[in-house]
Structures are given as C-alpha cells and as structure tokens.
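# Residue-level structural notes
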2 protein chains.
Amino acid sequence: MTITIKDVAKLANVAPSTVSRVISNSPRISEKTKRKVRKVMDELNYHPNLNARSLANRSTKSIGLVLPPALDASFQNPFFAEVIRGVTAYSNQKEYSLYFITGKNEEEVEQTVNKTVRGRRVDGIILLYSKENDNIIDYLSEHNFPFVLVGKPYHYIEDITYVDNDNYAAAREVTNYLIDQGHKRIAFVGGESSLLVTKNRLRGFQDTMQLNGLSVKEEEIIFTSFTRDGGRKAVNQLMELTELPSAIVVTDDVLSLGIISVFQEHGISVPKDISIISFNNAILAELANPPLTSVDINIFQLGYEAAKNIISKIEEPDGSEKSILVPYKLIVRDTCMKKEDLELVKS
Amino acid sequence: MTITIKDVAKLANVAPSTVSRVISNSPRISEKTKRKVRKVMDELNYHPNLNARSLANRSTKSIGLVLPPALDASFQNPFFAEVIRGVTAYSNQKEYSLYFITGKNEEEVEQTVNKTVRGRRVDGIILLYSKENDNIIDYLSEHNFPFVLVGKPYHYIEDITYVDNDNYAAAREVTNYLIDQGHKRIAFVGGESSLLVTKNRLRGFQDTMQLNGLSVKEEEIIFTSFTRDGGRKAVNQLMELTELPSAIVVTDDVLSLGIISVFQEHGISVPKDISIISFNNAILAELANPPLTSVDINIFQLGYEAAKNIISKIEEPDGSEKSILVPYKLIVRDTCMKKEDLELVKS
DNA sequence: TTGTAAGCGTTATCAC
DNA sequence: GTGATAACGCTTACAA
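Here is a short report on the structure shown in this document. Please read these numbers as outputs of a predicted model, since none were measured by experiment.

## Some thoughts on the overall build of chain A
- The secondary structure content of chain A amounts to 14 helices and twelve strands.
- On C-alpha atoms alone, chain A measures out to a radius of gyration of 25 Å, which is more than a quarter above the 20 Å that the 2.2 N^0.38 rule sets for 347 residues.
- The principal-axis extents of the C-alpha atoms in chain A amount to approximately 90 × 40 × 35 Å.
- In chain A, buried positions account for 56% of the 347 residues.

## Some details on the protein's contact with DNA strand C
- Lining the immediate surroundings of DNA strand C are 27 residues, of which Ser 17, Thr 18 and Arg 21 of chain A together with Ser 20 and Arg 53 of chain B lie closest.
- Here DNA strand C approaches the protein such that, of its atoms within 4 Å, sugar and phosphate make up 65%.
- A distance of 2.8 Å separates a phosphate oxygen of DNA strand C from a polar backbone atom of Ala 15 of chain A.
- Between DNA strand C and the protein, one listed contact pairs a phosphate oxygen with a side-chain N or O atom of Tyr 46 of chain B at 2.8 Å.
- At the level of elements, helix H2 (16-23) and helix H4 (50-57) of chain A together with helix H2 (16-23) and helix H4 (50-57) of chain B are the ones that each hand at least two residues to the surface near DNA strand C.
- No other element matches H4 of chain B, which puts four residues into the surface near DNA strand C.
- Counted by class, the surface near DNA strand C contains ten nonpolar, twelve polar and five charged residues.

## Focus: helix H6 (residues 106-118) of chain B
- With 13 residues, H6 of chain B should reach 18 Å at 1.5 Å per residue; the first-to-last C-alpha distance of 18 Å fits that figure.
- Among the residues of H6 of chain B, those classed as buried are Glu 108, Val 109, Thr 112, Val 113, Thr 116, Val 117 and Arg 118 of chain B.
- Against the buried residues of H6 of chain B lie helix H5 (78-93) of chain A together with strand E1 (62-66), strand E2 (97-101), strand E3 (124-127) and helix H7 (135-142) of chain B.
- Looking one or two places after H6 of chain B, you find Arg 120 of chain B, whose phi comes out positive at around 60°.

## Section: the interface of chain A and chain B
- Contacts between chain A and chain B engage 57 residues on the former and 57 residues on the latter.
- Between chain A and chain B, roughly 5,400 Å² of surface is buried when both sides are summed, and carbon and sulfur atoms account for 53% of that area.
- Ranking the residues of chain A by area buried against chain B places Gln 76, Leu 287 and Asn 289 of chain A at the top, with a combined share of 13%.
- For the pair chain A and chain B, the number of links is zero salt bridges.

## So, unusual backbone geometry
- The peptide bond linking Val 270 of chain A to Pro 271 of chain A adopts the cis configuration, its omega dihedral lying at 5°.
- Tracing the sequence through the fold places Pro 271 of chain A in the loop between helix H11 (253-265) and strand E9 (275-280).
- One non-glycine residue, Asn 133 of chain A, lies in the positive phi region at around 50°.
- We note that Asn 281 of chain B has phi near 55°; this positive angle belongs to a residue other than glycine.
- Among the secondary structure elements, Asn 281 of chain B is positioned in the loop between strand E9 (275-280) and helix H12 (283-287).
- The class of Asn 281 of chain B is buried, set by a relative accessible area of 16%.

## Considerations on the relation of the copies chain A and chain B
- For the pair chain A and chain B, the best superposition has an RMSD of 0.0 Å and corresponds to a rotation of 180° with a translation of 0.0 Å parallel to the axis. On the angle and the small slide along the axis, the relation comes out as a two-fold axis.
- By residue overlap, the copies meet face to face through one surface: 100% of the interface positions of chain A are interface positions in chain B.

## Remarks on the pairing of E1 of chain B
Residues and elements named next belong to chain B.
- Burial analysis of E1 places five of its five residues in the buried class, the great majority of the element.
- Burial of E1 is two-sided: the residues Ser 62, Gly 64 and Val 66 facing one way and the residues Ile 63 and Leu 65 facing the other way are all buried.
- Relative to E2, E1 is paired through five bridges, and the arrangement is parallel. Each residue of the ladder has a partner; that of Ser 62, found in E2, is Ser 97.
- You can see the chain leave E1, run along helix H5 (residues 78-93) and come back into E2, and the turn it takes is right-handed.
- Pairing analysis gives four bridges linking E1 to E3, with the strands arranged parallel. By the bridge assignment, Ile 63 is partnered in E3 with Gly 124.

## What to know about the sheet that holds strand E6 (residues 186-190) of chain B
Residues and elements named next belong to chain B.
- Pairing is mixed in the open sheet, where six strands are placed in the order E7-E6-E8-E9-E10-E12. Every other strand in the sheet has two partners, leaving strand E7 (221-223) and strand E12 (329-331) as the edge strands with one partner each. The mean inter-strand angle of the sheet, taken between neighbouring strand axes irrespective of direction, is 20°.
- Bridge count between E9 and strand E10 (residues 294-296): three bridges; the pairing is parallel.

## A few points about the nonpolar core
- Core analysis: the biggest nonpolar cluster contains 97 residues, and Ile 126 and Val 249 of chain A together with Ile 126 and Val 249 of chain B have the highest contact counts within it.
- If we ignore the near neighbours within four places in the chain, the residues touching Ile 126 of chain B are Ile 63, Gly 64, Leu 65, Val 66, Val 87, Val 148, Val 150, Ala 306, Ala 307 and Ile 310 of chain B.

## A few points about the protein's contact with DNA strand D
- Taken together, the neighbourhood of DNA strand D is formed by 27 residues, with Ile 5, Tyr 46 and Arg 53 of chain A together with Thr 18 and Arg 21 of chain B sitting nearest.
- Counting only atoms of DNA strand D within 4 Å of the protein, the fraction found in sugar and phosphate groups is 66%.
- Ser 20 of chain A is positioned with one of its side-chain polar atoms (N or O) 2.6 Å from a phosphate oxygen of DNA strand D.
- In the model, a phosphate oxygen of DNA strand D is placed 2.5 Å from a nitrogen or oxygen of the Arg 53 of chain A side chain.
- At the level of elements, H2 and H4 of chain A together with H2 and H4 of chain B are the ones that each hand at least two residues to the surface near DNA strand D.
- Here the surface near DNA strand D takes four residues from H4 of chain A, the largest share from any one element.
- Here the surface near DNA strand D is composed, by residue class, of ten nonpolar, eleven polar and six charged.

Definitions and limits used
- Residues numbered from 1 in each chain as written.
- Chains lettered and ligands numbered in written order.
- Predicted model: local features only at pLDDT ≥ 70, side-chain atom pairs only at ≥ 80, totals over all residues.
- Heavy atoms only, no water.
- Helix = DSSP H or I, 4+ residues; strand = E, 2+ residues; numbered from the N terminus.
- Rg over C-alpha atoms; globule rule 2.2 N^0.38 Å.
- Buried < 20%, exposed > 50% of the residue type's maximum accessible area, 1.4 Å probe, protein only.
- Near = heavy atom within 4 Å.
- Polar contact = N/O pair within 3.5 Å; in protein donor to acceptor, adjacent residues only side chain to side chain.
- Nonpolar A, V, L, I, M, F, W, Y, C, P; charged D, E, K, R; others polar.
- Expected span 1.5 Å × (residues − 1).
- Contact = heavy atoms within 4.5 Å.
- Buried area = accessible area lost by both parts, 1.4 Å probe.
- Salt bridge = Lys/Arg side-chain N within 4 Å of Asp/Glu carboxyl O.
- Least-squares fit on C-alpha atoms with pLDDT ≥ 70 in both.
- Pairing = 2+ DSSP bridges.
- Right-handed = clockwise from strand over helix to strand, strands pointing away.
- Axes fitted to C-alpha atoms, helices over the stretch in contact; angles between N-to-C directions.
- Core = buried A, V, L, I, M, F, W, Y, C linked by side-chain atoms within 4.5 Å.

Put into structure tokens, the structure is as follows:
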C-alpha cells in the first residue's frame, strides 16, 4: 500500500517523469506544474523511496564512517563523538546520510567496509583513524573508491586525501613549552605505536629534545592503552626509573586521565610532583581533576572538513581535492608547572 | 562496468533467478549448481547490489540509530559509544548495518528520522535516549514503524518496547547505601530534568530519603548539563547552602567528573569533604581522579539487547517482543566515605 | 515544457 | 530444481 510516484502522477494528471523532475527540482519544469505536483505530493503524503532512487541514480547520498574495532578501548574515546559531530554538521546540511561501519576486530571492520562498498551502500568513506599498513586504505585505493582519511596516511601520502593537524609541529611546540618552563627530563606516553598520531607526535617530541641537547632514555618512551590498566602500566614504568621525570608529554586526554589517577594512587600529585601536557582537548580535558593543559586540535573541524572533502570528491570526481591541515592551539590549564616552582613545592 | 547477477548467470549457464537463489542460499537449489554458481561469482568477483536487493525485497537489513542532537553536550557522553558497541556486537553478527541518525537540534533530528523512515532506508529504529514528549516516539508509533527505546518511555509504557535498567531501584539502593554509611544530608544532581533517567533516579532518591525520615530541600536537587559550566553551576548552588551536604547522588559519571574538579578548585576534596556516588560506570569512572564509586548499568548489554529486540521485531513482526530490564550493580571505588570518618578527617 | 519507455540490479511468482 | 518474466519505485534519454 505504499504510495509511489505513479500515484502522484495520476492524481496530478502528469507523467511519472514529471513528478520525478519536480522531486529533483529540475529547472525544466514550469513553476505552475511544480506547484500542482507538490500539492498532490502533500495530499498523498508522498515520500520518495530512497533505495529505488539510489538504484536508478547510482548514487546513495550517504557516506560511510569507519571507526576503529569496537573491542579497542579507543572506540570509547570522546574524540570520535566529537569528529562525528563535525561530520554530521556538514553532511546533514548537504543532505547526506551516514553509515556506521565497524566490527569487533580489524578483520570484521574490513569485511564490513568491503560489504558496504561493494554493495554500493555509500558513495564515499571517511576513515576516522589512521594506522600503519591499513588494509582498508589499500582496498579503497585499489578500487578507486572515494575516501578521505582523518589523520596522516602511512603510505602514498601524495595520493591520499587526508584531514589532519600538523601533529609534528604541535608536539614540537609542546615540548619546547616544557623546556622553556625549565624541564629537562621529559617522558613521552602515547597510545598504540602503530597509530600515525602516536608516531608523528613522538617524532616531534624526540626531535625537539635532541635539538635542545636533552636526552631521552628508551624507557622514557611508553606506548600504552586507553584504560586504567594502560595508565597503570605507564606509571609503573616511569616509577621504575631512578628518578621520576619532571614532565610528561601525553598524546591523548583519556590517557592523561588514567595516568593522573594512578599517580594519585601512589601519592604523586599532578602538577605538584610532575607536570603533564596532553593532546586533543576533548571535553574531558576541562572536566578532569585537575583540568588538563592540552593541545586543542579542533576535533570538530577535523570532522567537518573531512565531510566537506569527501562530499566534494563525490560530487566532482575530477576536481582533485587537496589535503587539509587544521590549526591547533595549546590550551593552558592546570597540569603544568615551572620546573623551579616544582622544586620549591617539594622542598 | 558493474558486474551483475546476469553476468554470473550467463557464465554459469543458469538463469538469473537461480543465481539469486544461490545468493540467498535457497534449499531448493542443488548443492552442485550452488557450487558451480559460487565459483563463477568468485571468478567474476561478484557482489550483490544491496540497493537493488532492498528494492525488490522491501527489506534493507539495516537499522537506524537515533542519537541526541549533536549540539547537546550529552552527545559526547561515552555512554553512547558503549551502547553502540553493544548494538554492533549483535547487529554485525546478524549482518545488519547501522544508519546513524542525528541532527544539530531536536527539529533536525526529527526531520532526519522522518526522511530515513519514509525513504525506507532502514527496517527498524533504536532510540538511544528517552525524554518526555518525544515527537519521534509519537511519529514512529503512529506509523507503526518498528522501534525500540533505550530507556523508559514517558507515555504508553505498555505499548512501547524498551530496554532499560530499573533506575528507580538502583537509585533507592544507592541512597540507602549512603544512609547506611551515616549520611543524613544528601543532595541530588542530575542531567536535564526532561530525561527519563533523571526523573526515575530522582524518584528513587526522594522516596528513599522520605522513607528514612530524611528531608531534602528544594535547593538540594539540581539539574545541570554535562559540561564544566554545568558542574560549576551545581557546585555553586550547593555552596550557597548554609552547610554543605555530606554526600551527593549524581546521575552520570561525566557530571561527577565536572563536579569533583570544580569542588577541588574551591579546595573541597572528594571524598574527604564530601562523598559522591555516581551512575553508569562508563570507562570514565575508573579513569577519574579519584576513581568513581558508580552504579554499573551494563551499558554494553543495554545496546546488545536493544539490537536483539529490534531485529527480532523486524524479522517476526507478530512475535510480540517484551521489554527488558538489564541488571545493575554498585561498584565501590574511592568517592564515598562513611559520615563518621568524614567528620574525623575534618576535625 | 512535458511524455514515453527503457533501464537500474534484484527478487518473486508462476510455470515446467 | 530450474527458468521466464513481471515486479520493486525511481531516473533519464529520446521524442514530441
């Protein structure tokens, strides 16, 4: 009993094709018939069947959002909620829908991408994370399927459109900031080492330390997961050092939360005993105790630009879209102290 | 140059309909031809067009996930990531895809739901939040479109399938716990008062207080938002009281984070100066400083059951699905103290 | 400016 | 068991 374009056509005394043209607001239809047809559409409470449309059209007006495997702790990172906010802001405006693609592990994510792409459920894909040797990227590239990456690509950086921050520069800035505050022994804690963000921020950190003649021991660089256990692992490793560093660069707010909490458990307080500088400035950063000094990477804009990019890629397949670097900004809150003040408190 | 069922049919020397039957693994096809056809499908690297399928089939094998308006601070609540994990766990297994439905404000969400439902993009809907006077619920009910609600419905509780915790009981348990610890002046901080969770947990709190002959002033019941400003508003209101309560029931971990952090800003420390008992036990609870005593409401299972429910509703429209209450459990961590110990610390 | 008719890639119905 | 063939609901040449 679904009402179709034919019903509308009949009642409006026009051909189905005319109705179709009214739907897509074709300029070749007179205002008069447009009005007439629209009136009937309203009367009949007609709404186009999007599947039929997609089939005839070869366009779905939807885009696939690929998230990390749901079993990863990172899945719950508020980062994703915020990128998605950015994506929807633009895609809703452009009347694109979003398909949610994930799986419990990497393999399942790959399969779901595969099914979605080959089933022609979406016109393009936004990859919400970037890691090394990602089969999905290879797959999409090979099939020449439009996609954009949030984060920097591992390979083929010239051929892949991405939206990212200049994480290398951000890490340099942050490290310099700590050095300016008098810190000399600085540790680094990042998420999985296969993630491109981790890699890039680490490089920025290392280079800056070296440029300033400061050494970093291997044990002072730690990769861990976004859980309390992850925080504990990092803290334990740091406490095994003969002396605690005076500051840490942490690549993610969630990680920072865990570290601060576990430190507290050991009676080590941030920033009195050790300073932390964090990244992302997700909503957590300002809710934390103490509030985090963190690099605001404009997560929302990252998502917004990604959507913009993929949609224009879809709509003008030839207009070569270029990658985008979204600006960042250090937000100083309460987790960093000058080295000298830090000493004072202790004595 | 897409390869279709016809190409497969030709190469396998069978009719298109046979190929179709092989795809859906019809028992009426002999194993022999199945093998033959499958081999050709592999050779040609064939994959069915899901839109065509949906059209012919009148079934999309996808379900819509309705999130709160993206402009709400609640959008970033890790609660949603975790429910979604639960939903995908089941839906992937059943080979259902997920459509992501939201908008910047309520109106846009409604429109998006409308478009998705009438466009037949999904077979059913999961509403991820429950608030009073929700137009979406009315819309879906009127159109007899399959949906399930995560949370308790405001109206028509008999007619709507929902998946929820017994929030009333949980709030009672939690309040009793505080009373057992010797607390007499207990405040309540919740999210928006239009949310059903807030309402139910508040009732449990109030009833328990009353049953124990404890009074609650109007100013000790606060509704606020999931931001630092929200936390600040709550803390300010509490600090205006002639005396600070000795404990607070807070309906959400994110809210608790903010409150603890703002308290700290005023030199008031949790749990030394005031106890907090929280809800949801999202990943944040264990990462917080200090880690939150919180009611684990099994968010994952909430999502899993919702998916199970909607899918069986879709597949057997007559088998009346019943609502489900997911168990909860108080997880004691570090934000609560006995009233007497609390006094000791102070003196 | 509008109508006719042939797709879009499947599935479903009815034969055999 | 398998094959023709008509839907499914829309778009788009091509005609008029």
